[in-house]
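# Geometric and topological summary
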Amino acid sequence: MTGAIADPSGPTVESTEVADLTPERLRDAYRWMVLSRTVDERCLSLQRQGRIGFYAPLAGQEAAQVGTALALKPEDWIFPAYREVAVALVRGTPLGRVFDQMIGNAFDTSKGRQMPNHFAWRDQHYVSASSPIGTQITQAVGAAMAAQRRRDGIVTVTFFGDGATSSNDFHAGLNLAGVFQTPTVFVCQNNQWAISLPREQQTRSATLAEKGSAYGIPGVVVDGNNLRAVYTAVSEARRRAVSGGGPTLIEALVYRFGPHSTSDDPRRYRTDQQVAAAKERDPIALLRAELIESGDWDAARDAQLLERLRAEVATAFEASEAAPPVDPASLFDDVFLTPTPRLEEERREFAEREPMGGPRP
Amino acid sequence: MTELTLVQAVNRGLHEAMRQDPEVLVLGEDVGVNGGVFRATEGLYKEFGADRVIDTPLSETGIIGAAIGMALYGLKPIAEIQFLDFIYPAFDQIVSELAKFRYRSGGQYPCHVVVRAPYGGGVKGGLYHSQSTEAYFAHTAGLKVAIPSTPADAKGLLLTAVHDPDPVIFLEPKRIYRAVTGEVPDGDHRVPFGQARLVREGNDVTLFAYGAMVGPAAEAAEALAAEGISAEVLDLRTLVPLDERAILASVEKTGRAVIVHEAARTCGFGAELSAVLAEKAFYSLRAPVARVTGYDTPFPYALEQAYLPNGETIAHAARTTVRAG
Ligand SMILES: Cc1ncc(C[n+]2csc(CCOP(=O)(O)OP(=O)(O)O)c2C)c(N)n1
Ligand SMILES: [Mg+2]
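Residues numbered from 1 in each chain as written. Chains lettered and ligands numbered in written order. Predicted model: local features only at pLDDT ≥ 70, side-chain atom pairs only at ≥ 80, totals over all residues. Heavy atoms only, no water.

Take the overall build of chain A next. Regarding its fold elements, chain A presents 12 helices and 9 strands. Against the 2.2 N^0.38 benchmark of 21 Å for 361 residues, chain A shows a C-alpha radius of gyration of 21 Å, consistent with a compact globule. Expressed as lengths along the three principal axes of its C-alpha atoms, the size of chain A is roughly 70 × 50 × 40 Å. Here chain A, with 361 residues, has 58% of them falling under the buried criterion. For chain A, restricting intrachain contacts to residue pairs at least 6 apart in sequence, the fraction spanning at least 24 positions comes to 73%. Accessible area for chain A stands at about 15100 Å²; split by element, carbon and sulfur atoms hold 52% of it. Across chain A, 39 positive and 46 negative side-chain charges occur, with their mean positions spaced 2 Å apart. (Helix = DSSP H or I, 4+ residues; strand = E, 2+ residues; numbered from the N terminus. Rg over C-alpha atoms; globule rule 2.2 N^0.38 Å. Buried < 20%, exposed > 50% of the residue type's maximum accessible area, 1.4 Å probe, protein only. Contact = heavy atoms within 4.5 Å. Areas by Shrake-Rupley, 256 points an atom, 1.4 Å probe, with all protein chains shown as cover. Lys, Arg positive; Asp, Glu negative; His and termini not counted. Charge placed at Lys NZ, Arg CZ, Asp CG, Glu CD.)

Turning next to the coordination of the magnesium ion (ligand 2). For the magnesium ion (ligand 2), the full set of protein donor atoms is D162(A) (OD), N191(A) (OD1) and W193(A) (O), at a range of 2.0 to 2.1 Å. Given the relative accessible area of 5%, N191(A) is considered buried. (Donors = N, O, S within 2.8 Å, 3.2 Å for Na, K, Ca; no water.)

Near ligand 1 there are 19 residues, and of these Y82(A), R83(A), D162(A), G163(A) and E60(B) occur at the shortest range. The residues that come close to ligand 1 belong to more than one chain, namely chains A and B. Between ligand 1 and the protein, one listed contact pairs a nitrogen atom with a backbone N or O atom of I133(A) at 3.0 Å. At 2.7 Å from an oxygen atom of ligand 1 is found a side-chain nitrogen or oxygen belonging to D162(A). Looking at the shell around ligand 1 residue by residue, the class counts come to 9 nonpolar, 6 polar and 4 charged. (Near = heavy atom within 4 Å. Polar contact = N/O pair within 3.5 Å; in protein donor to acceptor, adjacent residues only side chain to side chain. Nonpolar A, V, L, I, M, F, W, Y, C, P; charged D, E, K, R; others polar.)

This part takes up the domain arrangement of chain A. Many analyses report the size of an interface as the accessible area lost when the parts associate. All names here are of chain A. Looking at chain A, the domain boundaries give domain 1 (4–326) and domain 2 (327–361). The C-alpha-based centres of domain 1 and domain 2 are spaced at 37 Å. Taken together, the contact pairs 4 residues of domain 1 with 5 residues of domain 2. Broken down residue by residue, the surface that domain 1 buries against domain 2 is led by K111, R113 and V326, which jointly contribute 99%. Seen at the junction of domain 1 and domain 2, the total is 2 salt bridges. Note that D334 is salt-bridged to R113, the shortest N-O span being 2.9 Å. Viewed at the interface, domain 2 and domain 1 are joined by 4 residue pairs in polar contact (both at pLDDT 80 or more). Residue composition of the side of domain 1 that touches domain 2, grouped by class: 2 nonpolar, no polar and 2 charged. (Domains from an automatic or database assignment. Buried area = accessible area lost by both parts, 1.4 Å probe. Salt bridge = Lys/Arg side-chain N within 4 Å of Asp/Glu carboxyl O.)

This paragraph deals with the side chain of T238(B). Residue and element names in this part refer to chain B. Along the chain, the position of T238 falls in strand β12 (residues 238–240). At 2.7 Å, the side chain of T238 forms a polar contact with the backbone oxygen of P241. Those residues within four positions of T238 in sequence are excluded, and the remaining contacts are V145, A146, L157, F193, G194 and Q195.

So, on to the pairing of strand β8 (residues 219–223) of chain A. All names here are of chain A. Counted residue by residue, β8 has 5 buried out of 5 residues, so it is predominantly covered. Along β8, one buried face is formed by G219, V221 and D223 and the opposite face, lined by V220 and V222, is buried too. Looking at chain direction, β8 and strand β9 (residues 248–253) are connected through 5 bridges and run parallel. Of the residues in β9, the one forming a bridge with G219 is L249. Considered for its hand, the β-α-β crossover made up of β8, helix α8 (residues 227–242) and β9 is right-handed. (Pairing = 2+ DSSP bridges. Right-handed = clockwise from strand over helix to strand, strands pointing away.)

What follows concerns the interface of chain A and chain B. If you look at the interface, chain A gives 46 residues, while chain B gives 42 residues. Summing the contributions of chain A and of chain B, the shared interface buries around 3500 Å²; its carbon and sulfur component is 57%. Remark: the boundary between chain A and chain B carries 3 salt bridges. In this structure, R342(A) engages D296(B) in a salt bridge whose closest nitrogen and oxygen atoms are separated by 3.7 Å. Connecting chain A to chain B are 10 residue pairs in polar contact (both at pLDDT 80 or more). Among the elements that make up the side of chain A that touches chain B, the one with the highest residue count is helix α12 (residues 341–353) of chain A (6 residues).

Residues and elements named next belong to chain B. According to the domain assignment, chain B contains domain 1 (2–184) and domain 2 (197–324). Summarising the inter-unit geometry, the C-alpha centres of domain 1 and domain 2 are found 26 Å apart. Every contact between the two is made by 27 residues of domain 1 and, on the other side, 26 residues of domain 2. Buried area between domain 1 and domain 2, summed over both chains or domains, comes out near 2000 Å², and the portion from carbon and sulfur atoms is 57%. For domain 1, the biggest contributors to the area lost against domain 2 are K124, I147 and R175; these three give 25% of the whole.

Before going further, it helps to spend a moment on unusual backbone geometry. For the peptide bond that leads from V240(B) to P241(B), omega is 0 degrees, which places it in the cis range. With respect to the element layout, P241(B) can be found in the loop between β12 and α9 (244–254). Even without being a glycine, K111(A) presents a positive backbone phi close to 60 degrees. Checked against the element boundaries, K111(A) lands in the loop between α4 (95–103) and α5 (135–149). Located in the positive-phi region is K124(B), a residue other than glycine, with phi close to 60 degrees. The topology assignment puts K124(B) in the loop between β5 (114–119) and α6 (134–138).

Judged by nonpolar contacts, the single largest core of 63 residues is most densely connected at V39(A), Y55(A), V66(A), F99(A), M102(A) and L227(A). If one sorts the elements of this core by residue count, helix α1 (residues 23–48) of chain A sits on top with 11 residues. Setting aside chain neighbours within four positions, we find F99(A) in contact with V39(A), C43(A), V313(A), A316(A), F317(A) and S320(A). Grouped together as the second largest cluster of nonpolar side chains are 46 residues, F101(B), C111(B), F137(B) and Y210(B) included. (Core = buried A, V, L, I, M, F, W, Y, C linked by side-chain atoms within 4.5 Å.)

Attention shifts here to the packing of aromatic side chains. All chains considered together, the criterion is met by 23 aromatic pairs over all chains. For the ring pair W193(A) and Y269(A), a centre distance of 5.3 Å and an interplane angle of 50 degrees mean the geometry is tilted. In this pair, W193(A) is assigned in strand β6 (residues 193–194) and Y269(A) in the loop between β9 and α9 (272–279), connecting sequence segments 76 residues apart. Pair check on accessibility: W193(A) and Y269(A) agree, each one buried. Between the aromatic rings of Y210(B) and F269(B), the centroid separation amounts to 6.4 Å while the plane-to-plane angle is 85 degrees, which identifies the pairing as edge-to-face. Placement of the pair is Y210(B) in the loop between β10 (205–209) and α8 (214–226) and F269(B) in helix α10 (residues 269–280), with a sequence separation of 59 residues. F269(B) matches Y210(B) in its accessibility class, with the two residues each being buried. Members of the aromatic cluster, each reached through a chain of ring pairs, are F332(A), F350(A), Y295(B), F299(B) and Y307(B). (Phe/Tyr/Trp six-rings, centres within 6.5 Å; stacked < 30°, edge-to-face > 60°.)

Below, the structure is given as structure tokens:
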């Protein structure tokens, strides 16, 4: 299945188009997905060991994220939430940079300011993520309006969850995008849960994609476990956007295999059986089966890949862990370009406190 | 009496309020089946059902706007905002509506609403799971603001909030949700608003604090005692209404004041307290009022301990104040 496109004027149309992905690109996608899963598993265990402070796993959402990221161009802008580790990796973020951020060490490009997963990499047009749900949606539309004005031929892509469709910014963002026909791709990863709230209690709408029609935006439901389907839908949305056809809302149907975050205990609101059933359509297993069936892959290569990626991840993390901590005095940087007199005063006061041992991090 | 953690005391308070009055109900994100992300609403769904313990879609403006509507119709909703940091999508409903309904309708439409939210840092929560923005609400006419620092007060102030006919912003210091335990009276325990709690008596300097900062202030007082400085510690409990009598009486006695809060300094609640002291205790003051607060930066992740006041930084400020005059 490649998904159904809900035409804003009414009837739902089936999309039959399947993107042309060479065996090589498919293997590339597979590698990114396995790498993401490897990072995911590693981070969950690192958090349990107290070596990182927090983590929000993406297991189950690899095809949705990798498929989207591969369909984009480097000059496109990403407005992520906090679960988009795979998107960051596909954009070319080295593993070490990801871990520097998670630790918040001296090499973290965000200077240890944010919780893990809240990345910002300007050189990759990966815009700083925040925790408040939905806020990136309107921002992506604004950036698209700016790109439109400059005739830059890029798209902005924003990621958010099923829960975020209830936020103020979802409404405001889709409405603006519809009115101004912005080159924006809205990627809603419907992982069926907003912490403990199941998708059916989030909205009475039959699909999330159909919410697009209220704003005059085409909505597409896509099988988010199918790498090809996601890639196709995003490629199509991108093509439409850069050719002046306006925004698209894509709902990628996935399932959150893990807890909402390392602070969550999903057994309080869902059963292991539900999760096991969802895992039967594990996006990684599906793609692996396809690769093996087409003769492009085999179990031995798979084992080798996994072993190599695990080693890469372990090495990268250890290097990040060995890096120095952020400089305490940097606390006062970047509030403004030029600190106010009050901030300068606080910085001096802080420096005087240091010898007392009190304010050390 | 039962020995409870602070979050358990909140939970008992909610149970008590809901048992007392069928018009009381709870709504918010993950408050039902999941029992709240901090477990503050644990067990409510089972006892009172989905009718009175409502899991809402992810919309803070929906939660607060609906709570207002329910209150206008005669119910007594207790809305939970998962973290104070996520209250802003509902800021319009709180500031423009909740706070002003009674006044703008000449008393015809009061809003019997409690808004509960965990607040504050020290939990490795970064910018958006750590902030202490009580001043926004204290600044808004028409809202009461309560911030407990002990399990007994958590239950007692919460029950007072639920019975208060006006909107109350009830801020829970999540950093000490489980870190403090204490004896909590069973049943309908209420702590009146506008009465500060004397945590420790002293003669040389008064340390003013509330919420999660009361602990570090008490620690500082202990350290100061060993050096021969007698510090009084006053827990404000409610910022609105403010117990000016207790505040002024203490400073008339000690002649010195150190104000502690984890919120940023500029326009933090300490600014209001300093102003009250300047206006009404000027002739009692023997030294400048000192503030020990968060800095005027967003709340950091890696450097959160550098940002937050602690026993040592409070003691340091108190020493300086005592030496000054
Ligand atoms: C405005 C706001 N309210 C509440 C929260 C707390 N919270 C964090 S994630 C989350 C659920 C998000 O669900 P969804 O949008 O489906 O994304 P997912 O976590 O499933 O990827 C909630 C309620 C928040 N971060 N921001
Ligand atoms: Mg979700």
